[in-house]
Amino acid sequence: MTIRLPRVLKGTAALLAVLAVLVYLGYFVIYISYAVELFRWPFDYDQGEGFELYDAILYRQGLWPYRDNASFPFYASNYPPLFHLLMVPLLPIFGPRLIAGRLLSFGATLVTAGAIFVVVRRNVTKQRGDWMGMWFIPLVSGLAFLASNYVYQIGPLCRMHMTLVMFETLAIAFIAEFEHRKHGTRNLLVGLVMLFCAGYTKQTAVFTVAAAISYVFLRDTKKAVLAGGGLALAAGAVFWLINTATGGEWWLNIIEANVNEFDYRRTLFLFRQWFSLHTLFILLGAGYFIYELFWDRLSAYSLWFFFALGVGALSGKWGAGFGYFNTAVAAACLTSGLALGKLKEIDWEPRFDLWRSSVGRGGVRAVIAAIIPLLYLLQAPRMLHLPTAGPVWAPLSRTLGVDDQLAYGSGESLAPTHCAPVSYYDAMGYTQLGHPLSADDYEAGERIMAYVDAAEGPIFSEEAMFSILADKPVVTNPTQLLNLYNNGLLDTTEIVDHVDQQAFDLVIFRAQFYPPPVLEAIGQNYQPVDQVCMNGFTYHLLWARDRLANAPEPPR
Amino acid sequence: MVTKRQLGYFVVAVSVIGIVGIIAVDVLGAGRWGGFGPLQRMGIGLGLVAVAAGLVLIRLGDRPA
């Protein structure tokens, strides 16, 4: 009995495809496990989370978070309002807790993955019964987004990044269809609304706006001028209204405070890291862009991928980081799916006459069908990340040989900025996010809260959640104060006066981000009373020198 | 509708302006390094690649971009 080669290849393709789906589903399980960990964790996991929640709390009280940083409570937000406004309806359900924002952000990643699935599926195949085009490539493209180390780490945080990416993805998906015969105008309008939402979630959306309007411009110049003009008018009007309502604090906190020092070496490092983690998706996305640029018409998706590199270029800014690549990750996952779909649809048979004779009719297509899942399988370990403790993860990480390569290091190799190792491996190496929390972390949180509860009145903390959990007002947003100080836009007189008068019983440091004059004043007026290791970081607790007798005794 | 040629002219024009701007930074004495800094070298490298891509696009004629 002879077995035809195409048949063997088809079987191989199906087997590899099942394996690839299982691997990417495995990443999805890891993502859900991490998200559930964070939903339970009441304290800041990432330093900015509590401040984003506090913005939502202020909106719920009918107050703007764009305020004068130089006067008490020395707090202002440096982000646009939409993510925080979306959190407001969740506050009555969850209370003023981080889970509201974490669920919102996690949900946004699922919507983004779903949108990638739908776009790839709609564009990859028109043939019924083509399981690879209809299911496999779209499914893995969507799951690949959730498997990205960057998306995994930031996805379930109470941060606005992933809501931005969701709006950007939806905007591009709608605007790509602006020439639809029946729904063209509707698609364009919905796309513009999504762009508006993206811009009012985070300022970096400007690159996606440029991609979308450029796409419309290439195809219909008049519509592009109208769409771009309309969007600029609407965004400008809201910008002016908020700026007027906040007495100019909006401009100062959103624009001027974000002009920070830029280190191009950091950008290059992050570009290399992004490439090394997402190699397949980037190569396919770049290849698809080049193909469309010279051999076909540029699609909205390719242009998005190209413009998203611009956001990445800003990642060397102080306060920025790998989160600036999330848009590029979404665009790469989407365009790589389209590229593989194109690869699969091309009629290769006439181009490989000799080869066809050796593999039989339909053989070339079967080879391509086997190569596609193989590529996904080869890419998967490049993004490897998983917890290394627990009944499932410990044996799995041992089997994969990464159980001793922890994100913060361990023993002698423990990173000097950390007080304890975390049970987590990530192919990107050192990272402050992604690890699960331990029972010790919960205990440490309670220990810090004992000081917060013992303090009378507001506390001076680098993280907002300690204040929010104790039902105290949030005082200071340290990174914002530092941004403004570095740009010569902050008068620290009143803050330093408050510190000199020891107006706060307790100061909590995690990274000492405050401007130097504030740190100096704290050093003179506050006495260290305890240091607590939580979430791998050392929290320094300082008590007002004049009231040291009121400080709780540190537990033994 | 924009053609490949029009897009090519646009890309070449923007790239040339960019390259001239990068060189002008040095002539005007701005920047942190004496002579050509690493960012300038990268910028000019990318600008030249873009000029080459633009020239190819110009040759592609009236096909839609």
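Keep in mind it's a predicted model, so treat the numbers as computed, not measured. Along every chain, residues carry numbers that run from 1 in the direction the sequence is written. Note on labels: chains are lettered from A, ligands numbered from 1, in written order. Restriction of local features to residues with pLDDT of at least 70 applies here, the model being predicted, together with a cutoff of 80 or more for giving and counting side-chain atom pairs; totals for whole chains, interfaces and linings are based on all residues. With hydrogens and water set aside, each side-chain value is computed from the structure's full complement of heavy atoms.

1. Topic: the overall build of chain B
A tally of regular secondary structure across chain B gives 2 helices and 0 strands. With 65 residues in all, chain B has 31% of them scored as buried. Contacts in chain B between residues at least 24 apart in sequence constitute 79% of all its contacts with a sequence separation of at least 6. In these tables, accessible area is a Shrake-Rupley quantity obtained with a 1.4 Å probe, and a residue counts as shielded only by the protein chains included in the view. Working note: accessible area of chain B is about 4000 Å², and carbon and sulfur atoms make up 73% of it. Secondary structure is summarised from DSSP: a helix means a run of H or I of at least four residues, a strand means a run of E of at least two, and numbering begins at the N terminus for each. For each residue, the accessible area found with a 1.4 Å probe, counting protein chains only, is set against the maximum for its type, and the residue is called buried under 20%, exposed over 50%, and partly exposed in between. When checking whether two residues touch, look at their non-hydrogen atoms; a contact exists if any pair is within 4.5 Å.

2. Overview of the pattern of salt bridges
All names here are of chain A. The salt bridge definition used is simple: a Lys or Arg side-chain nitrogen within 4 Å of an Asp or Glu carboxyl oxygen. Inspection of the entire model under this criterion finds 12 salt bridges over all chains. Put simply, E52 and R159 hold a salt bridge, and the shortest N to O gap is 2.8 Å. One end of the pair, E52, is in helix 2 (residues 49-60); the other, R159, is in the loop between helix 7 (149-154) and helix 8 (161-175), with 107 residues separating them in the sequence. R122 is the partner of E177 in a salt bridge, and the nearest nitrogen-oxygen pair spans 3.8 Å. Here the residue E177 occupies a position in the loop between helix 8 and helix 9 (184-199), and R122 occupies one in helix 5 (residues 99-124), the gap between them amounting to 55 residues. The exposure class assigned to E177 is partly exposed, which follows from its relative accessible area of 22%. Judged by relative accessible area, R122 falls into the partly exposed class, the value being 40%. If you follow the salt bridges from partner to partner, you end up with D46, E52 and R159 in one network.

3. Some points on a negative patch on the surface
Residues and elements named next belong to chain A. A cluster of like negative charges, contributed by D68, D491, E494, D497 and D500, occupies part of the molecular surface. For D68, the location among the structural elements is in the loop between helix 2 and helix 3 (82-87). By relative accessible area, which is 37% here, D68 ends up partly exposed. Residues enter a patch when their relative accessible area is above 30% and they make no salt bridge; the linking distance is 9 Å between like charges and 5 Å between nonpolar side chains (Val, Leu, Ile, Met, Phe, Trp, Tyr). In this tally, Asp and Glu contribute negative charge and Lys and Arg positive charge; neither His nor the terminal groups of the chain are included. Charged side chains are reduced to one point each, which is NZ for Lys, CZ for Arg, CG for Asp and CD for Glu.

4. Observations concerning the nonpolar core
What tends to happen in soluble globular proteins is that the nonpolar side chains get buried as a cluster. All names here are of chain A. Within this scheme, the nonpolar core is defined by two criteria: the residues are buried Ala, Val, Leu, Ile, Met, Phe, Trp, Tyr or Cys, and they are joined through side-chain atoms within 4.5 Å. Core analysis: the largest hydrophobic core is formed by 171 residues, its most contacted members being Y24, F136, F145, Y376 and F466. If one sorts the elements of this core by residue count, helix 1 (residues 5-40) sits on top with 13 residues. If you look at the next biggest cluster of nonpolar residues, it comprises 22 residues, including L252, F460, Y526 and A544.

5. Brief notes about the sheet that holds strand 3 (residues 460-461) of chain A
Two modes of strand pairing occur in sheets, parallel and antiparallel, and in both the strands are linked by backbone hydrogen bonds. Residues and elements named next belong to chain A. By definition, two strands form a pair when at least two bridges between them are found by DSSP. With mixed pairing, 4 strands are arranged side by side in an open sheet as 3-4-6-5. At either end of the open sheet lies a strand with only one pairing partner, and these are strand 3 and strand 5 (526-534). The axes used here are C-alpha line fits, helices contributing only the stretch in contact, and every angle between their N-to-C directions lies in the interval 0 to 180 degrees. Where helix 24 (residues 516-525) meets the sheet, its contacts fall on strand 3, strand 4 (506-509), strand 5 and strand 6 (537-544), and the angle it forms with strand 5 comes to roughly 110 degrees.

6. A short note on a nonpolar patch on the surface
All names here are of chain A. A grouping of L15, V18, L19, L22 and L25 is seen on the molecular surface, where their side chains present a nonpolar patch of about 460 Å² in accessible area. Position of L22 relative to the elements: it lies in helix 1. We classify L22 as exposed; its relative accessible area is 53%.

7. Considerations on helix 13 (residues 264-277) of chain A
Here the expected span of a helix is defined as 1.5 Å times the quantity of residues minus one. For helix 13 of chain A, with 14 residues, the first-to-last C-alpha span of 20 Å sits near the 20 Å given by 1.5 Å per residue. Within the sequence span of helix 13 of chain A, burial applies to Y264, T267, L270, Q273, W274 and L277 of chain A. On its buried side, helix 13 of chain A packs onto helix 7, helix 14 (279-295), helix 15 (300-313), helix 16 (326-345) and helix 18 (363-379) of chain A together with helix 2 (38-59) of chain B. In protein, a polar contact requires one atom able to donate a hydrogen and another able to accept it; more generally it is a pair of N or O atoms within 3.5 Å, and residues adjacent in sequence count only if both atoms are side-chain atoms. Taking the backbone nitrogen of R265 of chain A as reference, a side-chain oxygen 3.0 Å away marks D263 of chain A as the first, capping residue of helix 13 of chain A.

8. Remarks on helix 2 of chain B
Taking 1.5 Å per residue as the helical rise, helix 2 of chain B with its 22 residues ought to reach 32 Å, and the 32 Å between its terminal C-alpha atoms agrees with that figure. Among the residues of helix 2 of chain B, those classed as buried are P38, Q40, I44, G47, V51, A53, G54, L57 and I58 of chain B. Of the surrounding elements, those touching the buried residues of helix 2 of chain B are helix 13 and helix 14 of chain A together with helix 1 (4-27) of chain B. Note on helix 2 of chain B: the residue one or two positions beyond its end, G61 of chain B, has a positive phi of about 75 degrees.

9. Observations concerning the interface of chain A and chain B
In this assembly, 14 residues from chain A lie in contact with 16 residues from chain B. Summed over both partners, the interface of chain A with chain B comes to about 1200 Å²; 64% of that surface belongs to carbon and sulfur atoms. Accessible-area loss on putting two parts together, using a 1.4 Å probe and summing over both, is the definition of buried area adopted here. On the chain A side of the interface with chain B, the three residues burying the most area are L218, Y264 and F294 of chain A, jointly 48% of the side's total. At the boundary of chain A with chain B, the tally comes to 7 residue pairs in polar contact (both at pLDDT 80 or more). Elements that contribute at least two residues to the side of chain A that touches chain B include exactly helix 10 (206-219), helix 13 and helix 14 of chain A. With 4 residues, the single largest contributor to the side of chain A that touches chain B is helix 14 of chain A. Residue composition of the side of chain A that touches chain B, grouped by class: 9 nonpolar, 1 polar and 4 charged. Polarity classes work like this: nonpolar for Ala, Val, Leu, Ile, Met, Phe, Trp, Tyr, Cys and Pro, charged for Asp, Glu, Lys and Arg, and polar for all others, with Gly in that last group.

10. Structural notes on the state of the cysteines
Residues and elements named next belong to chain A. What counts as a disulfide here is a pair of cysteine sulfur atoms lying within 2.5 Å. Applying the stated rule across the entire model yields 1 disulfide over all chains. Bridging C419 to C533, the disulfide has an S-S length of 2.0 Å. Given an S-S torsion of about 85 degrees, the disulfide between C419 and C533 has right-handed geometry. With C419 in the loop between helix 19 (393-400) and strand 2 (424-426) and C533 in strand 5, the pair connects residues that are 114 residues apart, well separated along the chain. Left unpaired, C197 is separated from the closest cysteine sulfur, that of C158, by 18 Å.

11. Quick word on the pairing of strand 4 of chain A
Residues and elements named next belong to chain A. Burial of strand 4 is two-sided: the residues L506 and I508 facing one way and the residues V507 and F509 facing the other way are all buried. When strand 3 meets strand 4, the two strands line up parallel, connected through 2 bridges. Following the sheet pairing, F460 is matched in strand 4 by V507. Relative to strand 6, strand 4 is paired through 4 bridges, and the arrangement is antiparallel. What sits directly across from V507, in strand 6, is L542.

Purely geometric stuff here, so don't read any function into it on its own.
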